[in-house]
Amino acid sequence: MSAITVEELVQIAARTQPVTDEECGTCSAEAGEPCTQSCDSRGEAAKDKVADRIGDLPRADFENVLRSALEREARGDEAPGFFWVWWAVDAEAEARGMSTPVGI
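Residues numbered from 1 in each chain as written. Predicted model: local features only at pLDDT ≥ 70, side-chain atom pairs only at ≥ 80, totals over all residues. Heavy atoms only, no water.

Student: Pulling in residues and values, what's your account of the pattern of salt bridges?
Tutor: Inspection of every chain in the model, using the stated rule, returns 4 salt bridges. The partner of E7 in a salt bridge is R72, with the nearest N and O atoms 2.9 Å apart. You can see E7 sitting in helix α1 (residues 6-15) and its partner R72 sitting in helix α3 (residues 59-74), a full 65 residues away along the chain. For E7, a relative accessible area of 38% gives the class partly exposed. The partner of E92 in a salt bridge is R96, and the shortest N-O contact between them spans 2.7 Å. Judged by its relative accessible area of 16%, E92 is buried. Taking the relative accessible area as the measure of exposure, R96 reaches 24% and is therefore partly exposed. One salt-bridge network, held together by shared partners, links E7, R72 and D77. (Salt bridge = Lys/Arg side-chain N within 4 Å of Asp/Glu carboxyl O. Helix = DSSP H or I, 4+ residues; strand = E, 2+ residues; numbered from the N terminus. Buried < 20%, exposed > 50% of the residue type's maximum accessible area, 1.4 Å probe, protein only.)

Student: So, α3: which residues are in play, and what are the values?
Tutor: For α3, which comprises 16 residues, the first-to-last C-alpha distance of 22 Å matches the rise-based estimate of 22 Å (1.5 Å per residue) to within 8%. The set of residues buried in α3 consists of F62, V65, L66, A69, L70 and R72. Projected down its long axis, α3 shows its buried positions confined to an angular sector of 165°, all on one face. In this fold, the buried residues of α3 make contact with α1, α2 (40-54) and α4 (82-95). One or two positions beyond α3, positive phi appears at G76, with a value near 75°. (Expected span 1.5 Å × (residues − 1). Arc of directions from axis to C-beta. Contact = heavy atoms within 4.5 Å.)

Below, the structure written as structure tokens:
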């Protein structure tokens, strides 16, 4: 698997939509219509897609992603999709036994 950047992950997360056959119970988007940018259902789908992309990264590649994500989080990055990337990266770091600094 080739290395991936946080910016690529943010783009993936920002474009991800949950697959629904009925109205979204969170944001009320109609079936087949995109959920709102802040919809929790959309966030869960984005987090899962990012987690799939980073779960098998070699340690060194994941450390690069983690470092970049930490830097963006420390700057208060509010780019659409970044919150979900941070959520997935933080969970993966915890699963790998890599602690992230508190408050960053």
